[in-house]
Number of protein chains: 2
Amino acid sequence: MTVEPLGNEEPALPLRERKKLRTRRVLADTALRMFLERGFDETTLEDLVNTVEVSVRTFFRYYSSKEEVAMAAEGELWEAYAAEVARLRISGPVLPRLRDCYAHAVRGLSEDWAERYLATRRLAARTPALRVHHAGTTQDLHERLVGMLEDELGIDGREDVRLRLIGEMALASVRYGTKNWMRTREHRGGSDDTETLITEVGRAFDALPSALALSPDTLARSG
Amino acid sequence: MTVEPLGNEEPALPLRERKKLRTRRVLADTALRMFLERGFDETTLEDLVNTVEVSVRTFFRYYSSKEEVAMAAEGELWEAYAAEVARLRISGPVLPRLRDCYAHAVRGLSEDWAERYLATRRLAARTPALRVHHAGTTQDLHERLVGMLEDELGIDGREDVRLRLIGEMALASVRYGTKNWMRTREHRGGSDDTETLITEVGRAFDALPSALALSPDTLARSG
DNA sequence: TGTATTTTGCCAGTGACTGGCAGATTGGCC
DNA sequence: GGCCAATCTGCCAGTCACTGGCAAAATACA
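Residue positions are given per chain, counting from 1 as you read along its sequence in written order. Ligands are numbered from 1 and chains lettered from A, in the order in which they are written. Where local features are concerned, this predicted model is filtered to residues with pLDDT of at least 70; where side-chain atom pairs are given and counted, the filter is 80 or more; whole-chain, interface and lining totals use all residues. As a convention, hydrogens and water are excluded, and side-chain values are obtained from all of the structure's heavy atoms.

Observations regarding the UniProt feature "DNA-binding region" (unreviewed entry) in chain A
- UniProt positions are given in the numbering used here, feature names are shortened, and annotations may be inferred rather than shown by experiment. According to UniProt, the positions carrying the feature "DNA-binding region" (unreviewed entry) are residues 44–63 of chain A.
- Numbered from the N terminus, helices here are DSSP runs of H or I no shorter than four residues, and strands are runs of E no shorter than two. Helix makes up 75% of residues 44–63 of chain A and strand makes up 0%, while its end C-alpha atoms are separated by 15 Å.

Examining the protein's contact with DNA strand D
- Near is defined per residue: the residue qualifies when any heavy atom it owns lies within 4 Å of the molecule or strand. If you check the shell around DNA strand D, you find 21 residues, and the closest are Lys20(A), Thr58(A), Arg61(A), Arg16(B) and Lys19(B).
- Close to the protein, within 4 Å, the atoms of DNA strand D are drawn from sugar and phosphate at a rate of 62%.
- Throughout this description, a polar contact denotes any pair of N or O atoms lying within 3.5 Å of each other; where both atoms belong to protein, one of them has to be capable of donating a hydrogen while the other can accept it, and for residues adjacent in sequence the pair is counted only when both atoms sit in side chains. Lys19(B) is positioned such that a nitrogen or oxygen atom in its side chain is 2.8 Å from a phosphate oxygen of DNA strand D.
- A distance of 2.9 Å separates a base nitrogen of DNA strand D from a polar atom in the side chain of Arg57(B).
- Elements represented by at least two residues in the surface near DNA strand D include exactly helix H1 (15–38) and helix H3 (56–62) of chain A together with helix H1 (15–38), helix H3 (56–62) and helix H4 (66–70) of chain B.
- Residue contributions to the surface near DNA strand D peak at four residues, all from H3(A).
- Gly falls in the polar group here, along with every residue not listed as nonpolar (Ala, Val, Leu, Ile, Met, Phe, Trp, Tyr, Cys, Pro) or charged (Asp, Glu, Lys, Arg). By residue class, the composition of the surface near DNA strand D is six nonpolar, five polar and ten charged.

What about empty space enclosed by the protein?
- Buried and open spaces are told apart on a 1 Å grid over the protein atoms alone, a cavity being a set of points where a 1.4 Å probe fits but cannot get out and a pocket being an open set with protein on both sides within 12 Å along at least five of seven lines. Residues with an atom within 4 Å of a point are the lining residues. Grid points are joined across faces, edges and corners, and a volume is the space filled by probe spheres set on the points. What the rule picks out here adds up to seven cavities of 30 Å³ or more.
- The computed volume of the largest cavity comes to approximately 170 Å³.
- Taken together, 14 residues line the largest cavity, and the ones lying closest to its centre are Gln139(A), Glu168(A), Arg175(A), Gln139(B) and Arg175(B).
- At the level of elements, helix H8 (128–153) and helix H9 (162–184) of chain A together with helix H8 (128–153) and helix H9 (162–184) of chain B are the ones that each hand at least two residues to the lining of the largest cavity.
- Residues that form the lining of the largest cavity fall into these classes: four nonpolar, six polar and four charged.

Side note on the protein's contact with DNA strand C
- In the vicinity of DNA strand C lie 21 residues, with Arg57(A), Lys20(B), Thr58(B), Arg61(B) and Tyr62(B) positioned nearest.
- When atoms of DNA strand C within 4 Å of the protein are sorted by moiety, sugar and phosphate together comprise 59%.
- Leu45(A) places a main-chain nitrogen or oxygen 3.2 Å from a phosphate oxygen of DNA strand C.
- Here Arg57(A) contributes a side-chain N or O atom positioned 2.9 Å from a base nitrogen of DNA strand C.
- Those elements that place two or more of their residues in the surface near DNA strand C are H1, H3 and helix H4 (66–70) of chain A together with H1 and H3 of chain B.
- Looking at the surface near DNA strand C, its residues break down into six nonpolar, five polar and ten charged.

Encoded structure:
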């Protein structure tokens, strides 16, 4: 493998684990770069594994599909977000807690994550297959989050849809916050991407109640 | 093709068109039946086209993927829904209009649609590939609906997210209304499925404002 | 009945993905 | 350092979804 070491991180892990982590990372980075350069559909899996110098069989031991390796950065975010919500003990309003979980999750990711994520989402925006994959993983995340919250709060979703609606709101906030973040980064490559993303998503979260309250004429049941 | 005529419908259409419509329909019906019996992954496309007695090449002139033919009933619904919203001229509250569009769309579908749709959703519930496809088409529908509404209302989504939130609300209502409908039909095969579906989705629509209003403690920004 | 247009079937190919098995690499133990 | 067990990797052969091209069949229309 033509890879230089990634520097000092987790010297506690055994060699084998570090090597696996590195392969996983190189696969995702190389895939993202190649997909951005040549296009997702135009780049075959064989192109990728030849570049990284692993076999096709090995690739599928790290990622379950071509789409998954392309969206690896988003996968990291969803995992971190779900992990934050999993360790949540709730008392009080749910929505701001979900907002904080998102912020914590993003801050816990590696330093260059934001840049990779921006590139990932730009790629997905112009690749139908990745948009579908994105929609699927987002839906799965929603199910996981709501399921965990229902367990934690002892709520039966069959009878009370409010929690599910809050889940939709939270995901909508993440969606539109991220969309705005991408827009701000559209014409200028800025630093401090991570905090900007958190700010934008947090803004979308905070704007939710007022946005809903501000449109009684459009939201109200009958005028 | 071992197919009996479907009876008296649209005698105005030329023979060729009727034949195409019938092939399209037989493909979807047969696919749904085979997928339900043997499972989606276990049924190959070749199994399907052998049963219907068309070539693989012909299949792909009617449906763009194995997933699409499985979800054909949902595709009809999305098309009808989008068409209703397209012809909408808005003055007043948006959400109830979207609810009515949905009801009109469902009522305009063929008589046995509800049964096929129920079977389709049950199949999707146990088939990961179809859940992903469902998430993708739902996302696409959302984009289409919001785009049309923005054009109609002259709203720029970059500045005003409220319309997009209303779109999310509408789709959430359709989701949970449909889920409840599936639940009511779970243990008893009932007739009048179409009106029951409309009722359930309408109930979800109508419950939205109160559901949001009823949970100030969980929705409010800070207590 | 003849002709133009559309639809279909066949063929050969690409590319994503998988199971099985042999060989290489690593971790733990002496 | 050397050895065994566990794990990881690469190769092979195969399945299946999906596609372009071209010739044959079916249909519309005169």
